[in-house]
Amino acid sequence: MTAKRKTPQKAAVKHALGEATGFVSAQQLHQTLKKHGSTIGLATVYRTLADLAQAGEADSLQSKDSEVLYRACTTSHHHHLICRECGLTLEIEAENLEKWADKVATEHGFVQPSHNIDIFGFCAACQSAKTESGVAK
């Protein structure tokens, strides 16, 4: 398999993804690039994000609206805490989760298990704002 070419368009997508806060859609990233003068096509943004996710340079998850969202990340295995309100995303280590996942897989005869775990909730700032506005959840 040949290596993916490094093009200015791909570099721009990677840079824009790195500048984004939290998870973003391909369309959101495309709009950001256009606002900064880029002529990159939406299809190129989609392909590049998929390539970055496959290479482990971006995380992806599906939104409640079934849209795939992306975020630049570290290449080491990790999990996320994600705010449902503002999208704040924190990478977390979860040693006990790793052990649990391996144990469950082994108990059921599975080998070479892998997993992705994202924990959703409200960050302290959003919860505080909800409480102050009288909309406690």
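Bear in mind the structure is a predicted one, so any value in this text is a computation, not a measurement.

Together, L81, L88, L90 and I119 make up an exposed nonpolar region whose accessible area comes to about 310 Å². Along the chain, L90 turns up in strand β5 (residues 89-92). L90 gets classed as partly exposed once you look at its relative accessible area, which sits at 43%.

All right, on to the state of the cysteines then. Such a bond, covalent and formed between the sulfur atoms of two cysteines, is termed a disulfide. For the structure on display, the rule yields zero disulfides. As a non-bridged cysteine, C83 has C126 as the owner of its nearest cysteine sulfur, 3.7 Å distant. Take C83: its relative accessible area is 5%, and that puts it in the buried class. Here C123 stays free of any disulfide, with the sulfur of C126 as its closest cysteine sulfur at 3.6 Å.

Before going further, it helps to examine the pairing of β5. Pairing analysis gives four bridges linking strand β4 (residues 79-83) to β5, with the strands arranged antiparallel. If you follow H80 over to β5, its bridge partner there is E91. Between the antiparallel neighbours β4 and β5 lie five residues, among them G87 with a positive phi of about 85°.

Read from one edge of the open sheet, three strands run β5-β4-β6, paired in mixed fashion. The sheet is open, and its two borders are formed by β5 and β6 (118-121), each paired with just one other strand. Each strand of the sheet is rotated relative to its neighbour by a mean of 20°, with strand direction disregarded.

This paragraph deals with the side chain of H30. With respect to the helices, strands and loops of the structure, H30 is situated in helix α2 (residues 26-35). Judged by its relative accessible area of 11%, H30 is buried. A polar side-chain atom of H30 sits 3.5 Å from the main-chain amide nitrogen of L42. In this structure, H30 is in contact with I40, G41, L42 and V45, ignoring residues within four places of it in sequence.

With that settled, consider the nonpolar core. Counting residues in hydrophobic clusters, the biggest one holds 13 residues, and the most contacted among them are V13, L17, L29, L33, I40, V45 and L49. Of all the secondary-structure elements, those providing two or more residues to this core are α1 (8-19), α2 and α3 (42-54). Once residues within four sequence positions are removed from consideration, L29 is found in contact with V13, A16, L17, V24, V45 and L49.

Our focus in this paragraph is the side chain of S25. In this structure, S25 sits in strand β1 (residues 24-25). Judged by relative accessible area, S25 falls into the buried class, the value being 3%. Side-chain polar atoms of S25 contact the side chain of E67, separated by 3.5 Å. Excluding residues within four positions of it along the chain, S25 makes contact with E67, V68 and L69.

Once that is clear, we can look at the sheet that holds strand β3 (residues 68-72). The strand order across the open sheet built from three strands is β1-β3-β2, with neighbouring strands paired in antiparallel fashion. The open sheet terminates on both sides in strands that have one partner only, identified here as β1 and β2 (58-62). Strand direction decides the pairing type here: β2 and β3, joined by five bridges, are antiparallel. Its bridge partner being in β3, Q62 is matched across the sheet by V68. In the packing of α1 onto the sheet, the strands contacted are β1, β2 and β3, and the crossing angle to β3 comes to about 85°.

Each value, and the rule that gives it
Residues numbered from 1 in each chain as written. Predicted model: local features only at pLDDT ≥ 70, side-chain atom pairs only at ≥ 80, totals over all residues. Heavy atoms only, no water. Patch = residues over 30% accessible without salt bridge, like charges linked within 9 Å, V, L, I, M, F, W, Y side chains within 5 Å. Areas by Shrake-Rupley, 256 points an atom, 1.4 Å probe, with all protein chains shown as cover. Salt bridge = Lys/Arg side-chain N within 4 Å of Asp/Glu carboxyl O. Helix = DSSP H or I, 4+ residues; strand = E, 2+ residues; numbered from the N terminus. Buried < 20%, exposed > 50% of the residue type's maximum accessible area, 1.4 Å probe, protein only. Disulfide = S-S within 2.5 Å. Pairing = 2+ DSSP bridges. Axes fitted to C-alpha atoms, helices over the stretch in contact; angles between N-to-C directions. Polar contact = N/O pair within 3.5 Å; in protein donor to acceptor, adjacent residues only side chain to side chain. Contact = heavy atoms within 4.5 Å. Core = buried A, V, L, I, M, F, W, Y, C linked by side-chain atoms within 4.5 Å.

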